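Descriptive analysis of the structure
Single-letter residue listing:
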Amino acid sequence: MMLNCDLGESYGAWTMPVDEQIMVHIDMANIACGFHAGDPLTLQKAIGLAIEHNVAIGAHPAYPDLAGFGRRSLAMADDELIACLHYQIAALDGMARAQGGEVEYIKPHGALYNDLMQKPALRRTVMQAVASCSVADVPLMIQAHPDHQQLSREAAEFGLVLLFEAFADRKYTPEGYLMSRKESGAVLNEEQAYEQATRLMDDGIIIASDYSVLSMPVDTLCVHGDSPGAVAMAESLRVALTKRKLSHVRPGANA
């Protein structure tokens, strides 16, 4: 199981100074593409840090909603949304290649991410956009869900591989979606996030808001860079993941 974080989200005078601190703890950096956050210099620095620390670079495109940090749903025609996604992905990949890196996967941001999980037609449009973008054969990261087999079948129609992501610091609904940030308790504190993440590592389950049990495959865990205590959370989860990895190594295997 890999650890990822949404980064590159400073913009002008608005700074989120966690990129350098958290990059040493993660495997994958979901870097903003300028439409919800991230000015060119911020993106350049985030990409450079990812390359320096051998962290996979992911494009993190959003609805064009800079004022709302990409957390407001927008009604967009299919061709408009596809062009919007192509623009963002190509821009980030171009900046990465200028430093000797490249985009290795794509993860939609914010409202777009949540909307595509619950709207099949929108999900197909996003899959079409990723399948036809300038970066060839990259996985699409979406939310791990109990109905993962259906999601994988949809992706296969476009020749896409999915990376299933769970959130260490977010509470889930009984239907397997993320609780709205507007609801009390939707964002977990560091202790709660650690408990949820280690339960996923050990048992592959999440306890939903009504205490029902959700079972789903998870490839990667997300810690939000704008969450309180994000760096400490990422550090503790890295330690937990490393311990579990070492415990699965057969004694004497490297002898």
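Here goes a summary of the coordinates provided. Computed from a prediction, not measured in an experiment: that's the story for all the values here. (Residues numbered from 1 in each chain as written. Predicted model: local features only at pLDDT ≥ 70, side-chain atom pairs only at ≥ 80, totals over all residues. Heavy atoms only, no water.)

**Points about helix H2 (residues 40–52)**
Every α-helical turn comprises 3.6 residues, leaving residues that sit three or four positions apart pointing alike. We apply this condition: Runs of E in the DSSP output that reach at least two residues are strands. Runs of H or I that reach at least four are helices, and both are numbered from the N terminus. Helix span, expected: 1.5 Å multiplied by one less than the number of residues in the helix. Exposure categories follow from relative accessible area, calculated using a 1.4 Å probe and restricted to protein chains: below 20% of the type maximum is buried, above 50% is exposed, and the middle band is partly exposed. Should any heavy atoms of two residues lie within 4.5 Å, those residues are counted as being in contact. As used in this structure description, the phrase polar contact means that two N or O atoms lie within 3.5 Å; if the pair is within protein, one of them must be able to donate a hydrogen and the other to accept it, and residues adjacent in sequence are counted only when both atoms belong to side chains.
Look at H2: 18 Å from first C-alpha to last across 13 residues, which is about the 18 Å you get at 1.5 Å a residue. Buried within H2 are the following residues: Thr 42, Leu 43, Ala 46, Ile 47, Gly 48, Leu 49 and Ala 50. Against helix H1 (19–23), strand S2 (28–32), strand S3 (56–60) and helix H3 (78–98) lie the buried residues of H2. The N-cap of H2, judged by a side-chain oxygen 3.2 Å from the amide nitrogen of Leu 41 a few residues on, is Asp 39.

**Here we look at the pattern of salt bridges**
Quick reminder of the rule: Basic side-chain nitrogens of Lys or Arg form a salt bridge, by our definition, when they fall within 4 Å of a carboxyl oxygen of Asp or Glu.
Applying the stated criterion to the full structure yields nine salt bridges. Of the charged contacts in the structure, one is a salt bridge between Arg 238 and Asp 27, with a shortest N-O distance of 2.6 Å. In this pair, Arg 238 sits in helix H8 (residues 230–247) while Asp 27 sits in the loop between H1 and S2, placing the two residues 211 residues apart along the sequence. With a shortest N-O distance of 2.7 Å, Arg 97 and Asp 93 are connected by a salt bridge. Remark: Asp 93 and Arg 97 occur in helix H3; sequence separation between them is four residues, near one turn of the helix.

**Some thoughts on the state of the cysteines**
Note the following rule: Throughout, disulfides are identified as pairs of cysteine sulfur atoms within 2.5 Å of each other.
Taken as a whole and judged by the stated rule, the model has zero disulfides. Here Cys 33 is not disulfide-linked; the sulfur of Cys 84 is the nearest cysteine sulfur, at 9.6 Å. The exposure class of Cys 33 is buried, given its relative accessible area of 8%. Here Cys 133 is not disulfide-linked; the sulfur of Cys 33 is the nearest cysteine sulfur, at 11 Å. On the basis of relative accessible area, Cys 133 is assigned to the buried category, the value being 11%.

**Quick look at the pairing of S3**
Let me state the cut-off plainly: Pairing between strands requires that DSSP locate at least two bridges from one strand to the other. Assignment of crossover handedness uses the view with strands pointing away from the viewer, where a clockwise path from the first strand over the helix to the second indicates a right-handed crossover.
Counting buried positions over the five residues of S3 gives five, a clear majority of the element. Residues Ala 56, Gly 58 and His 60 point to one face of S3 and Ile 57 and Ala 59 to the other, with burial holding for every one of them. Both S2 and S3 contribute to a ladder of five bridges, which runs parallel. Across the sheet, the residue bridging to Ile 31 is Ala 59, located in S3. Traced from S2 through H2 to S3, the parallel crossover comes out right-handed. The pairing of S3 with strand S4 (residues 103–106) spans three bridges and is classified as parallel. Among the inter-strand pairings, Ile 57 is bridged to a residue of S4, identified as Val 103. As for the winding sense of the linkage, the β-α-β connection from S3 through H3 to S4 is right-handed.

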